[in-house]
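# Geometric and topological summary
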Amino acid sequence: MIPMVDLKTQYHSLKSEIDSELSAVLENTQFILGPNVQQFETEAAVHLNVKHAISCASGTDALHLALLAAGIGPGDEVITSTFTFIATAEAIRYVGATPVFVDIDPKTFNINPQLVDKAINEKTRAILPVHLFGQPADMPSIQTLADKHDLIIIEDCAQSYGAKINGVVTGGIGLAGCHSFFPSKNLGCYGDGGMVTSNDDAMAEKIKILRNHGSAQRYHHDIIGYNSRLDEIQAAILRVKLRYIDEFNQNRYAAAQQYSEQLKDVVTPPFEDGIGNHVYHQYTILSPQRDLISKNLAENNIANAIYYPIPLHKQKVFASEYAGIHLPVSEQVASECLSLPVFPELREDQITQITNTIKSAF
Ligand SMILES: Cc1ncc(COP(=O)(O)O)c(C=O)c1O
């Protein structure tokens, strides 16, 4: 069996470091907002070269807290991609704002800036690009639009930890970057976890207060906040994995190159637009024969997944509200995309086995 991600192999390769950090937390017994959280935030900020990194309970919460801290609320429109995980749009709803779904570029699967431009009106307050599958969105074009119309940018970096554009990390470009440490993410913990990055002092301060019951000082509550903290156990695990994240991302990249070399005549491999560097959270191909390929892989014990089978404007939760909207590129991509196993420990012989299995489907 080849899984989508092999967290067990990764755990075994880091076992001595992780086990010793975990037992130190258990001995210390300071489980919430302790030294590991503080050190992880400092180390992540240094690693990403951003001024502030504030951890929280999940990537979904990171988006929610960032939108709240940016002052986005009822009556505001937030332009985002329809081809993303539901959490991107849920967070916009949590603050009472309206998601405006825009179609994607057919090659990169990221939000199409020309269509963002068309969607801007007097209610638009923010653009929420998603760096989908680990490839940065076209931030130079999005930044130009945001500057022109005085809009806030909140980046969804759940899939792009460590990806950069011209040396600036995703999550360091907009007012805030929202990261997820869901176990399968490029930098993943062993439960739920998230983080907001920002170069804006006021924004960072607000998020710190919001994630901890509206409190900057113990038992002094200035606003209604949330219980959205990363716990010490997760922070300890993330501190270990942070030492290896660049190597992990390089391994993912190398795996993707091998895949593309072997698959280029059979399917449409991922397209790297060169705007930033791709960290391959997912390796996603396109093929009109997607279902045949998927079935053949499954029959040969090779995991594969469709990210995403239904664009957000077509999801049941949004379908009636967005009934008049047709976003053809996302709908077409959803019918042809297939994500293959990709993780830092994926071996060359496993990639060859996967690509041979794909070729044998035809
Ligand atoms: C694009 C995107 N945004 C947001 C999230 C939400 O992150 P989390 O699962 O940590 O809440 C995810 C991940 O699941 C994601 O892929």
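Residues numbered from 1 in each chain as written. Predicted model: local features only at pLDDT ≥ 70, side-chain atom pairs only at ≥ 80, totals over all residues. Heavy atoms only, no water.

Taken together, 17 residues lie near the ligand, and G59, T60, D156, S180 and K185 sit nearest. Measuring from an oxygen atom of the ligand, one finds a side-chain N or O atom of K185 at 3.0 Å. Burial of the ligand by the protein chains amounts to 92% of its free accessible area of 390 Å². Among the secondary structure elements, those contributing two or more residues to the shell around the ligand are α3 (59-69) and α4 (86-94). The biggest single contributor to the shell around the ligand is α3, with three residues. In terms of residue class, the shell around the ligand is made up of seven nonpolar, eight polar and two charged. (Near = heavy atom within 4 Å. Polar contact = N/O pair within 3.5 Å; in protein donor to acceptor, adjacent residues only side chain to side chain. Areas by Shrake-Rupley, 256 points an atom, 1.4 Å probe, with all protein chains shown as cover. Helix = DSSP H or I, 4+ residues; strand = E, 2+ residues; numbered from the N terminus. Nonpolar A, V, L, I, M, F, W, Y, C, P; charged D, E, K, R; others polar.)

Here we come to the domain arrangement of the chain. Along its sequence, the chain is organised into domain 1 (7-242) and domain 2 (245-360). Taking only C-alpha atoms, the centre of domain 1 and the centre of domain 2 are 23 Å apart. The interface is formed by 45 residues belonging to domain 1 together with 36 residues belonging to domain 2. Buried area between domain 1 and domain 2, summed over both chains or domains, comes out near 3500 Å², and the portion from carbon and sulfur atoms is 62%. Together, F101, F133 and N186 form the three largest contributors to the area buried by domain 1 at its contact with domain 2, with a combined 21%. Applying the counting rule to domain 1 against domain 2 returns one salt bridge. Taking the shortest distance from any N to any O, the salt bridge between R93 and E321 comes out at 2.5 Å. For the side of domain 1 that touches domain 2, the secondary-structure elements that each account for two or more residues are α1 (7-28), α4, β3 (98-102), β6 (164-165) and α8 (232-242). Its residues placed into classes, the side of domain 1 that touches domain 2 shows 21 nonpolar, 16 polar and eight charged. (Domains from an automatic or database assignment. Contact = heavy atoms within 4.5 Å. Buried area = accessible area lost by both parts, 1.4 Å probe. Salt bridge = Lys/Arg side-chain N within 4 Å of Asp/Glu carboxyl O.)

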